[in-house]
Amino acid sequence: MSSPHPRRAIRRRRSTRSARAALPIAAAALLLGATSVLTPTTAAGAPGATPAAGAAGSVFANRDLPKHRLTSTAGSGAAFTYWSTGTDREPRLSTGSVEVPAGKAPGGGWPILVWAHGSRGIADRCAPSAQPTRADSDQIARWLDRGYAVVTPDYAGLGTQGTPEYFDTDTTSRNIVDAVRASRDVAENLSRRWVVVGEGQGAAAAIELARTATRMQGPKLDYRGSAVSSIPVEFDTLIGGLGPETGTMPSGVESAVLFTLSAIRNARESVDLDAFLTDSGRHWLDRAAAVCADDLTAEFSGTTLGSLFRQPLSGNGQLLDVVSRTHMIPIKGFTRPVMMTQSLFDQDVVVPLSLRYLNDAQHADRRVTARTYLAVNQQQSEALSDNDMRWFVARVAGR
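Residues numbered from 1 in each chain as written. Predicted model: local features only at pLDDT ≥ 70, side-chain atom pairs only at ≥ 80, totals over all residues. Heavy atoms only, no water.

An unreviewed UniProt entry lists the protein chain under the name Lipase, with Gordonia tangerina given as the organism.

Right, here's the structure in full:
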């Protein structure tokens, strides 16, 4: 049975933990009328002003999700801004959302399912908490129906000041842990138990969490495992192989390359990418900083990656160092179970590389379960993957 006042839980949580949320009355008034999560600029009251940093995982601001943004089966939901860390290990604000199923919570609270989304873009308007894609909405609805509170982090710099740390797997994994901490101060009746389901960029972070989350989470959380699909492995090798002779790649891979290079170009001034780019290359990296994934994929269709470069990226040692240090995905050393799935129709990864990674990881660590799908199309593969993930998540979450 649904609660008679399903949205009150989040309001009560904010009032009883106002010291943790650190939300001044004036800022709250601005926030409730805004269309997106409060940003550092608006909160500080002056362009360029930066608020005093809080502890990682502490809430900076939050608001109830309006009815039109709530998933139909959600009892309540909120968008929130929270403190996390950037790739420079300095405090950074990040954004996210949490939705809670309707009805009475089970004993111990709703188990938390983190939807670690794949590439959505690096422009602020691409943040899923502000503008979820159909894939995001479908995942949130699916896991709400299965009895999980769903946390969707945007990752640092996406929807807040600064350039997204798109290429940094470790930073993304820290953002996820801090989003879970913050969600439990925003919504009531959330369990300590949490699981991650990730794809693409989020899959890389979810795998890293299977190795590090138990050390990072602290005593108030209980990480149980990760289920992932579409794993972007050997991205450093891929980037290093780009040059004028590069041909066409799967559409999702091309978009990921553009977003990665654009993010590095904007965040790391010491990495001189422009010297390696043609006029077309500079145009497309500028475009990648302005539009979201679906639009970029459509616009770039018919363009070859090779036309972006005047010389091979293998000659840019600083670039290769950044990518190799920040985009490593482990194959062993996991402290919690991880399920890895891969469709042969996947357009977001180089499938042979992902299949090799799954095989290596399964042989290297007994906590890894690998599944591959030779189905008639991508839709059938996704259905098979979801069925395996549902079983896996229920088992590790103790459902």
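1. Side note on the pairing of strand β7 (residues 222-229)
For β7, the tally of buried residues reaches seven of eight residues, placing the bulk of the element in the interior. In this structure, strand β6 (residues 190-199) lies alongside β7, joined through seven bridges in parallel fashion. Paired with W194 across the strands is Y223, a residue of β7. Tracing the backbone out of β6, into helix α7 (residues 201-216) and back to the parallel element β7 gives a crossover that is right-handed. Here β7 runs beside strand β8 (residues 338-343); their pairing, made up of four bridges, is parallel. Bridge pairing in β8 links V228 to M340. (Buried < 20%, exposed > 50% of the residue type's maximum accessible area, 1.4 Å probe, protein only. Helix = DSSP H or I, 4+ residues; strand = E, 2+ residues; numbered from the N terminus. Pairing = 2+ DSSP bridges. Right-handed = clockwise from strand over helix to strand, strands pointing away.)

2. Side note on the nonpolar core
Core analysis: the biggest nonpolar cluster contains 47 residues, and W194, I231, M340 and Y357 have the highest contact counts within it. If you look at the next biggest cluster of nonpolar residues, it comprises 34 residues, including I122, Y166, L258 and F309. (Core = buried A, V, L, I, M, F, W, Y, C linked by side-chain atoms within 4.5 Å.)

3. Structural notes on a nonpolar patch on the surface
On the surface, a nonpolar cluster with roughly 310 Å² of combined accessible area is contributed by L344, F345 and L374. Mapped onto the fold, F345 is located in the loop between β8 and α13 (351-364). Note on F345: relative accessible area 34%, which makes it partly exposed. (Patch = residues over 30% accessible without salt bridge, like charges linked within 9 Å, V, L, I, M, F, W, Y side chains within 5 Å. Areas by Shrake-Rupley, 256 points an atom, 1.4 Å probe, with all protein chains shown as cover. Salt bridge = Lys/Arg side-chain N within 4 Å of Asp/Glu carboxyl O.)

4. Examining the environment of V228
Positionally, V228 belongs in strand β7. Judged by relative accessible area, V228 falls into the buried class, the value being 0%. Residues V228 and Q342, spaced 114 residues apart in sequence, show a C-alpha to C-alpha distance of 8.6 Å. Residues within four places of V228 in sequence aside, it is in contact with G198, A203, A206, I207, M339, M340, T341 and M389. (Contact = heavy atoms within 4.5 Å.)

5. Looking at the pattern of salt bridges
Between side chains of opposite charge, pairing is possible as soon as their charged atoms come close. The tally for this structure, following the rule as stated, stands at 16 salt bridges. Linking E199 and R120 is a salt bridge whose minimum nitrogen-to-oxygen distance equals 3.3 Å. One end of the pair, E199, is in strand β6; the other, R120, is in the loop between β4 (110-116) and α5 (134-145), and 79 residues separate them in sequence. With a relative accessible area of 23%, E199 lands in the partly exposed category.

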